[in-house]
Amino acid sequence: MDDKISQIRKSYLSGELDEANVGGDPISLFADWMDEAVAAGIEEANGMALATASADGAPAVRVVLLRGFDERGFVFYTNYESAKGQDLLTNPRAAAAFWWPPLDRQVRIGGRVEKVTRAESQAYFDSRPRGHQLSAWASPQSRVVTGREKLQTRAGEVETLFPGDVPLPDFWGGYRLAPEQMEFWQGRENRLHDRFLFEKRQGVWTVARLAP
Ligand SMILES: Cc1cc2nc3c(=O)[nH]c(=O)nc-3n(C[C@H](O)[C@H](O)[C@H](O)COP(=O)(O)O)c2cc1C
């Protein structure tokens, strides 16, 4: 695995990512970088810091897992009534960052957030282990609980409530972050790192190099 990492790093440190080959499609570049992060053995390479802001502009950041992406955007699943869900209700904009230390890479994404369709959330929920499905019901995410035993009692109750298939809760599902900006950061020698910023204007991506 270390060989794989050094091979990938070497190819970029030797200057392979430049204006000539960065391309015009940040989603496809992201797919390559994600593949390389997974190939390099990075655990939970799909973990991303996700920032939202409240109606009055107070930022909040937490880690969530990326569960899918395509040209429409980046999908994660959560409780719609959580703190992040409340933020997104009044301010449907978010930013995300991935950090892949062994490859010395960061990807940043900014854009608008929408709920995915119920059919998409249903398909994802159905793919989850039963225990995870029950926990979605049992956890009033981001609200105060008076003790762990309360959560456990609630988990036991929902288990009895749903002896067969667990239905998708109304308050749970996916969001899609539709990117308007994406930045690819590649660490280089002497801190002269590469940064390529893609911005979507009238549906067309442009790319520019930024100073590190
Ligand atoms: C590695 C990791 C992955 C996580 N993945 C998710 C996730 O996919 N969805 C989610 O709702 N919370 C996830 N969490 C928990 C969130 O970081 C956070 O605690 C929770 O969503 C509540 O955030 P909020 O109160 O800001 O809404 C994850 C935490 C960690 C450390």
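The paragraphs below set out a description of the structure included in this document. Every value quoted in this text rests on a predicted model; they were computed, and no experiment measured them. (Residues numbered from 1 in each chain as written. Predicted model: local features only at pLDDT ≥ 70, side-chain atom pairs only at ≥ 80, totals over all residues. Heavy atoms only, no water.)

### Thoughts on the nonpolar core
- Among the nonpolar cores identified, the biggest contains 34 residues, and Phe30, Phe98, Trp100, Val107 and Met182 are the most heavily contacted of them.
- Apart from residues lying up to four places away in sequence, phenylalanine 30 is in contact with Leu66, Phe69, Phe74, Phe98, Trp100, Val107, Met182 and Phe184.
- Within the second largest apolar cluster, 15 residues are counted, among which are Val75, Tyr124, Ala138 and Leu168. (Core = buried A, V, L, I, M, F, W, Y, C linked by side-chain atoms within 4.5 Å. Buried < 20%, exposed > 50% of the residue type's maximum accessible area, 1.4 Å probe, protein only. Contact = heavy atoms within 4.5 Å.)

### Observations concerning the layout of surface pockets
- The calculated volume of the largest pocket comes to roughly 510 Å³.
- If you trace the largest pocket, you find 19 residues lining it, with Tyr77, Thr78, Arg128, Gln141 and Trp172 closest to the centre.
- At the level of secondary structure, the elements contributing two or more residues to the lining of the largest pocket comprise strand E2 (59–65), strand E4 (73–79), helix H4 (118–127) and helix H5 (130–138).
- Of the residues belonging to the lining of the largest pocket, the class tally is eight nonpolar, seven polar and four charged.
- The computed volume of the second largest pocket comes to approximately 200 Å³.
- Lining the second largest pocket are 17 residues; nearest its centre among them are Ala95, Ala96, Arg108, Ile109 and Gly110.
- At the level of elements, strand E1 (47–53), strand E5 (93–100), strand E6 (105–115), strand E7 (172–186) and strand E8 (194–201) are the ones that each hand at least two residues to the lining of the second largest pocket. (1 Å grid on protein atoms, 1.4 Å probe; cavity = no way out; pocket = protein on both sides within 12 Å on 5 of 7 lines; lining within 4 Å. Points joined across faces, edges and corners; volume = space filled by probe spheres on them. Helix = DSSP H or I, 4+ residues; strand = E, 2+ residues; numbered from the N terminus. Nonpolar A, V, L, I, M, F, W, Y, C, P; charged D, E, K, R; others polar.)

### Focus on the site of the ligand
- As a structural note, the neighbourhood of the ligand is formed by Glu44, Arg62, Val63, Val64, Leu65, Tyr77, Thr78, Ser82, Ala83, Lys84, Gln141 and Ser142.
- One nitrogen or oxygen atom from the side chain of lysine 84 is found 2.6 Å from an oxygen atom belonging to the ligand.
- Contact with the protein chains covers 62% of the free accessible surface of the ligand, which is 610 Å².
- Taken together, the elements giving at least two residues each to the shell around the ligand come down to E2, E4 and helix H3 (83–90). (Near = heavy atom within 4 Å. Polar contact = N/O pair within 3.5 Å; in protein donor to acceptor, adjacent residues only side chain to side chain. Areas by Shrake-Rupley, 256 points an atom, 1.4 Å probe, with all protein chains shown as cover.)

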